[in-house]
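# Close look at the chain arrangement
Given next are the chains, with one letter for each unit.
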Number of protein chains: 4
Amino acid sequence: MTGIGIIGYGYWGPNLARSVAETESATLTAIADFSPAALARAGKRYPAARLVESWRALLDDPATDAVMIATPVSSHFEIALAALRKGKHVLVEKPITDRSAEARMLVEEAARRRLTLMVDHTFVYTGAVRKIGELIAAGELGDIFYYDSTRVNLGLFQRDVNVIWDLAVHDLSILDFLLAEKPTAVSASGSGHIRGSQENMAHLTLFYPNGTAAHLNVNWLAPVKVRQTLIGGSKKMIVWDDLEPSEKIKVYDRGVSVGDDAGMVERRISYRSGDMWAPQIPVKEALLTEVEHFVDCIERGTTPITSGESGLRVVETLEAAMLSLRQRGNPVEIAELRKAS
Amino acid sequence: MTGIGIIGYGYWGPNLARSVAETESATLTAIADFSPAALARAGKRYPAARLVESWRALLDDPATDAVMIATPVSSHFEIALAALRKGKHVLVEKPITDRSAEARMLVEEAARRRLTLMVDHTFVYTGAVRKIGELIAAGELGDIFYYDSTRVNLGLFQRDVNVIWDLAVHDLSILDFLLAEKPTAVSASGSGHIRGSQENMAHLTLFYPNGTAAHLNVNWLAPVKVRQTLIGGSKKMIVWDDLEPSEKIKVYDRGVSVGDDAGMVERRISYRSGDMWAPQIPVKEALLTEVEHFVDCIERGTTPITSGESGLRVVETLEAAMLSLRQRGNPVEIAELRKAS
Amino acid sequence: MTGIGIIGYGYWGPNLARSVAETESATLTAIADFSPAALARAGKRYPAARLVESWRALLDDPATDAVMIATPVSSHFEIALAALRKGKHVLVEKPITDRSAEARMLVEEAARRRLTLMVDHTFVYTGAVRKIGELIAAGELGDIFYYDSTRVNLGLFQRDVNVIWDLAVHDLSILDFLLAEKPTAVSASGSGHIRGSQENMAHLTLFYPNGTAAHLNVNWLAPVKVRQTLIGGSKKMIVWDDLEPSEKIKVYDRGVSVGDDAGMVERRISYRSGDMWAPQIPVKEALLTEVEHFVDCIERGTTPITSGESGLRVVETLEAAMLSLRQRGNPVEIAELRKAS
Amino acid sequence: MTGIGIIGYGYWGPNLARSVAETESATLTAIADFSPAALARAGKRYPAARLVESWRALLDDPATDAVMIATPVSSHFEIALAALRKGKHVLVEKPITDRSAEARMLVEEAARRRLTLMVDHTFVYTGAVRKIGELIAAGELGDIFYYDSTRVNLGLFQRDVNVIWDLAVHDLSILDFLLAEKPTAVSASGSGHIRGSQENMAHLTLFYPNGTAAHLNVNWLAPVKVRQTLIGGSKKMIVWDDLEPSEKIKVYDRGVSVGDDAGMVERRISYRSGDMWAPQIPVKEALLTEVEHFVDCIERGTTPITSGESGLRVVETLEAAMLSLRQRGNPVEIAELRKAS
């Protein structure tokens, strides 16, 4: 039985607490929040949990083997580092930190102490993303030509991060899970249309060594909510519409075949248009799957799917994207940025 | 009564011929195509039209006041220039040419001879685009924050042009019509996934001096057909779905308001979510509207909406996009490209 | 402050309890359920409420001014009658009873004692139905030609009622609210496809004296969930799709106009196809609106929108529909059924 | 090579003529229409066809082996009978006649003379209906529980028939093709909302001996166009949306399973929700398939899929529906109607 404490009981913390409470192999030991009102809400819901205003006090709790950090991004590094140094396993909300150098230090600290460091990239634990992962791993799609995502809606404008750090981070973590290859460069553009606010709209192109192309369209100022991703493969293609209540994933047996004759391109190309298939997707809540995985990794000492390293890669790509955005799309090599940092 | 000849009776030429035949103020005088089979089809349909295999012969026809050119892009310049020099008014299929220098020469030649030079940017004459233009012109949307278009489908791979020259050209011509401002720089990325073929997927970001952002997503290798454009304004926002049979345009009374107090951004921002409205759109065929406009411009000596100049601007942007694409998104200033050419 | 007790804490009771707890002008005084497990759940959530296993005990609670009954339909009559006789105001889940004779007795008992008797026809309190009601009342639609509803999905098969009593009851209560006229006859057909189960599929036609036609399509064995209602009026028409997350109601300025000349019908008829408009709908939870309305009616002594009388009319129509269904659509006059009962 | 003449060159005749012209095994011999303008149009398009104003003259044409009748319904009987008596094979537009007695005479006349009599139930020849037919025939759906169709739109109001004869006829012909069983009784209701016009809205329930239920919802006065049919089977279920451009048919591996234990119904029932699958549907035009089938039946002497007998069954059902509609849903036995006629 793993004892888990929650640090931060604002917007996301209550979801983490509930998931821990519903996980058989875990106990919700303690909750920390500097707001007395938040603590009062937590206490009403979880009378057995210890309540503390200071996250440092929570780290001293001997019944707490692991912590989940759901505080503002800027505080992730300090709290996670302190937790690791106290010997606690750590799950931290996405993004892992707001600087790759800090993420790298967390990864190294966790490795040195052989502690589990995991990032809350929740989408990776949804039935839809896992199903896509299975299809790709089974070779159903063939070579992956591209991943093209539209993730737009009206609001919520964040104070401390722009739309890339808020929304593109989802696709970056999904890509890190789905594709064996990692992006080497990024071109990004973006703009802020609301006075005094950061970028509310951005477009990112990720370049992969094997020619896969990924493109992300994120926007806080769209008239309608869209969560649609097209994934093109040499054999089949996927449309993933996360707003569909039941058929979230549609697999299309469609594509282009190139003949072997020496003729003109348009003569050699033929179009294939076959059946469409929407696999049934398990409905288990992603957060529960994720908390179970966290506990399982702690108990077995295995590496989480959304490890600190994956969190680091995501932050490196976000940094590169921001650098490119400031230069209106000038492509930024992630490896060079890494050397420079 | 304006006599109009058609040069090129392949894929698009028959549509032009039919539209001319249905226009009261025009006469279909002649049709040129080097293929005898195409000419035979044309003759069966339009027994009164003169049929010639050589476009040069058509240009000598005294009954022909104007020509419509629907030949491969690479031949546009030569034919259009010869037509203008023979004193014919010219409508040329999009894009006007495949090089901006050539487009510039056509524009100058037409100006010098006071002839009408028009580009067949058909979308500009659709009810949907005209309605969006009316709404923007009337100030209904407020300041235009962005135009974000997705124009993807499976096929048709073209031999002589890539997906940018085939599909993005539509949005560039629409933007040229809708927005008073013109883009100053472009960042583009793209990739070709089919051996021996050009880019089948591309993303373009256009930068405007006033901060408007335009983004185009074009793809010949998508599992489904999408023709959706979001237009964000400070007052209202539009979703234009060109595949909708009846409600192609939806106007959303939604947005973000910023308060005047000195507080934090997220406190000052409020979200507005009001009615949605889908204006009735006239169903007149775009091509008929366009042909009537062409004849009207010839008769009155007025400048067409999709003038040679607009065709030139579109080609300049396409060239800049290609240059950026070759550099993986490095932004290209259109003015500098112009100087260099 | 009105003290409210909940009888039945199974599927729906917890929703009622939560709504009472969130209503300022009401106090949740007591909860009755014969299941100790249900009571334990209730006690954990509402420590201040009195918990009793017997609903009769709850009726003796002096702090309880009103009760909400969320027990199986077959017990509604007995409990509601006892509650009224104890001087309690009553809100009862839909349908009010499973026999019109019993509903009539409840209505009379409540009238005699000047107590509020209200039926939980929740849909009537949704933003969508209220907005439709406003549009009809304001004459926006003109004369109501028809109401045609499709309410189908997979499951849940009920044990004690068939699909008419489970799903058609929603539309009957909505119609009772929307239309001033009441139906005079019903034709219904239906079938049960699962061995040992009641009808899982049915179609009802309601006849109104003024010519309005209502048709309901209900089905527990459909491959997809549909909640779509078309409402035709002489001026405008509505499509109400309750599964749409934001634009639930679309008002179409469409219809048919009949000319005054004496010609043939098809010459006199012209089609009108104007704008579509989706009014913003308030998002307040229906159940909260309903509980507030219940308390307000108790305090002021006014008649609820979904009064016992409306509940009686709905049950009379359900009975007529069942009688017609057993005769494969033979129309049943509601007034004659009333006399016979 | 079968010589085919067209009688009636108004709305539908030109489609028939074009299909005959495109069919290799047929020759378009002659076209009859009482309107000189229609004949002029026909002559321009088909210079080789004989043009006559009188259909009687066409029947005397020795080069004409078969005729296609696309005249108003009320004239079908007289023309078809005369054609058969002249030894011509006959394809007649739907419905075959407006009276079952007349249809029966045509069927008998054709049988006596061993001529092909076929009805233009075009939908039966579409890729979608044929695919559904294959799935049912292969047992993919299991037992057919129901067929529930919605076929509504705005207009076109017909002068000589009501909405049942105009729209429900499609579903009746599809049902006649799909299901081995034939309906024995009908309950129908309907209403006319436009002064001086016939019923523009109707609902039909068909009763089948084996318990299959069919329901048709047809409406000329709907705000939107809907062409959606749900087909429920014991194994799988289908949603057929004929307005979908590509995935017209979706097959759902969903349903209800009943356990064998003796418990309560709701305990024994379990819901199955598996994959969805949209088979690729051939895009060949229905009318071409139909004309080829007509010629093939003539040449081989085989019975058409949409034979005169199927046309007769459809008209019998239409008559029963009208009789039921006049009695507000009172079910009408088709066999009794047959005896009475």
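Before reading on, note that the structure itself is shown above.
Nothing here was measured: the structure is a model prediction, and the numbers come from that model.

Calculation notes
- Residues numbered from 1 in each chain as written.
- Chains lettered and ligands numbered in written order.
- Predicted model: local features only at pLDDT ≥ 70, side-chain atom pairs only at ≥ 80, totals over all residues.
- Heavy atoms only, no water.
- Pairing = 2+ DSSP bridges.
- Helix = DSSP H or I, 4+ residues; strand = E, 2+ residues; numbered from the N terminus.
- Axes fitted to C-alpha atoms, helices over the stretch in contact; angles between N-to-C directions.
- Buried < 20%, exposed > 50% of the residue type's maximum accessible area, 1.4 Å probe, protein only.
- Right-handed = clockwise from strand over helix to strand, strands pointing away.
- Core = buried A, V, L, I, M, F, W, Y, C linked by side-chain atoms within 4.5 Å.
- Contact = heavy atoms within 4.5 Å.
- Buried area = accessible area lost by both parts, 1.4 Å probe.
- Salt bridge = Lys/Arg side-chain N within 4 Å of Asp/Glu carboxyl O.
- Polar contact = N/O pair within 3.5 Å; in protein donor to acceptor, adjacent residues only side chain to side chain.
- Nonpolar A, V, L, I, M, F, W, Y, C, P; charged D, E, K, R; others polar.
- Least-squares fit on C-alpha atoms with pLDDT ≥ 70 in both.
- Arc of directions from axis to C-beta.

### Quick look at the sheet that holds strand β1 (residues 2-7) of chain B
Residues and elements named next belong to chain B. Ordered by their spatial adjacency, six strands build an open sheet running β3-β2-β1-β4-β5-β6, and the pairing between neighbours is parallel. Two strands in the sheet have a free side with no partner beyond their single neighbour: β3 (50-52) and β6 (117-120). Each neighbouring strand pair of the sheet contributes to a mean axis angle of 20 degrees, computed without reference to strand direction. By the bridge criterion, six bridges tie β1 to strand β2 (residues 26-32) in an arrangement that is parallel. Bridge pairing links glycine 5 to alanine 30 in β2.

### Let's talk about the pairing of β1(B)
It is a general feature of regular strands that their side chains alternate between the two faces of the sheet. Residue and element names in this part refer to chain B. In terms of burial, β1 is largely enclosed, as six of its six residues are buried. Side-chain alternation along β1 places Thr2, Ile4 and Ile6 on one buried face and Gly3, Gly5 and Ile7 on a second face that is also buried. In this view, the connection linking β1 to its parallel neighbour β2 by way of helix α1 (residues 13-21) has right-handed handedness.

### Points about the pairing of strand β2 (residues 26-32) of chain D
Residues and elements named next belong to chain D. Most of β2 is tucked away: six of the seven residues are buried. Two elements, β2 and strand β3 (residues 50-52), share three bridges in a ladder whose sense is parallel. From the neighbouring strand, isoleucine 31 faces β3, where its bridge partner is leucine 51. Taken together, β2, helix α2 (residues 36-45) and β3 constitute a β-α-β crossover, and its handedness is right-handed.

### Focus: the nonpolar core
Counting 186 residues, the largest nonpolar core has B:Ile164, B:Trp240, C:Ile164 and C:Trp240 as the members making the most contacts within it. In this view, C:Ile164 contacts C:Val169, C:Ala202, C:Leu204, C:Leu318, C:Ala321, C:Met322 and C:Leu325; residues no more than four positions away in its chain are not counted. Among the nonpolar cores identified, the runner-up in size contains 185 residues, and A:Ile69, A:Leu206, B:Leu230 and D:Ile238 belong to it.

### Some thoughts on the interface of chain A and chain B
Listed by partner, the interface residues are 57 residues for chain A and 57 residues for chain B. Across the interface of chain A and chain B, roughly 4,700 Å² is buried in total on both sides, 64% from carbon and sulfur atoms. At the boundary of chain A and chain B, one finds two salt bridges. Our count for the contact surface shared by chain A and chain B stands at 19 residue pairs in polar contact (both at pLDDT 80 or more). For the side of chain A that touches chain B, the element with the highest residue contribution is strand β11 (residues 221-233) of chain A, accounting for seven residues. Partitioning the side of chain A that touches chain B into residue classes produces 28 nonpolar, 19 polar and 10 charged.

### A short note on the relation of the copies chain C and chain B
Under the fitted operation, chain C is carried onto chain B by 0.0 Å of movement along the axis and a turn of 180 degrees, and the coordinates agree to an RMSD of 0.0 Å. When the rotation and shift are considered jointly, the pair of chain copies conforms to a two-fold rotation axis. Residues of chain C ranked by C-alpha distance from the rotation axis are headed by C:Trp277, positioned 2.2 Å from it. Most of the interface of chain C is mirrored in chain B: 100% of its interface residues are interface residues there too.

### Regarding the sheet that holds strand β4 (residues 66-69) of chain C
Residue and element names in this part refer to chain C. The strand order across the open sheet formed by six strands is β3-β2-β1-β4-β5-β6, and the pairing between neighbours is parallel. Each having just a single partner strand, β3 (50-52) and β6 (117-120) make up the two edges of the open sheet. Geometrically, the sheet is characterised by an average inter-axis angle of 20 degrees between neighbouring strands, direction not taken into account. Of the pairings in the sheet, the one linking β4 to strand β5 (residues 89-93) comprises four bridges and is parallel in character. Residue pairing in the sheet places alanine 66 in a bridge with histidine 89 of β5.

### Quick word on helix α2 (residues 36-45) of chain B
Residues and elements named next belong to chain B. All buried positions along α2 are accounted for by Ala38, Leu39, Ala42 and Gly43. Seen end-on, α2 carries its buried residues on one side only, within an arc spanning 135 degrees. Away from its buried face by more than 90 degrees, α2 exposes Lys44 and Arg45.

### Topic: the interface of chain C and chain B
With 13 residues of chain C in contact, the opposing surface of chain B contributes 13 residues. Carbon and sulfur atoms supply 36% of the area buried between chain C and chain B, which totals about 1,100 Å² over both sides. Linking C:Arg254 and B:Glu247 is a salt bridge whose minimum nitrogen-to-oxygen distance equals 3.2 Å. Our count for the chain C to chain B interface comes out at 10 residue pairs in polar contact (both at pLDDT 80 or more). Residue assignment for the side of chain C that touches chain B shows that the elements contributing at least two residues are β13 (249-258) and β14 (269-278) of chain C. Broken down by element, the side of chain C that touches chain B gets its largest block of residues, six residues, from β14(C). Class assignment of the residues belonging to the side of chain C that touches chain B gives a composition of five nonpolar, four polar and four charged. Bridge count between strand β14 (residues 269-278) of chain B and β14(C): three bridges; the pairing is antiparallel. Following the sheet pairing, B:Trp277 is matched in β14(C) by C:Trp277.

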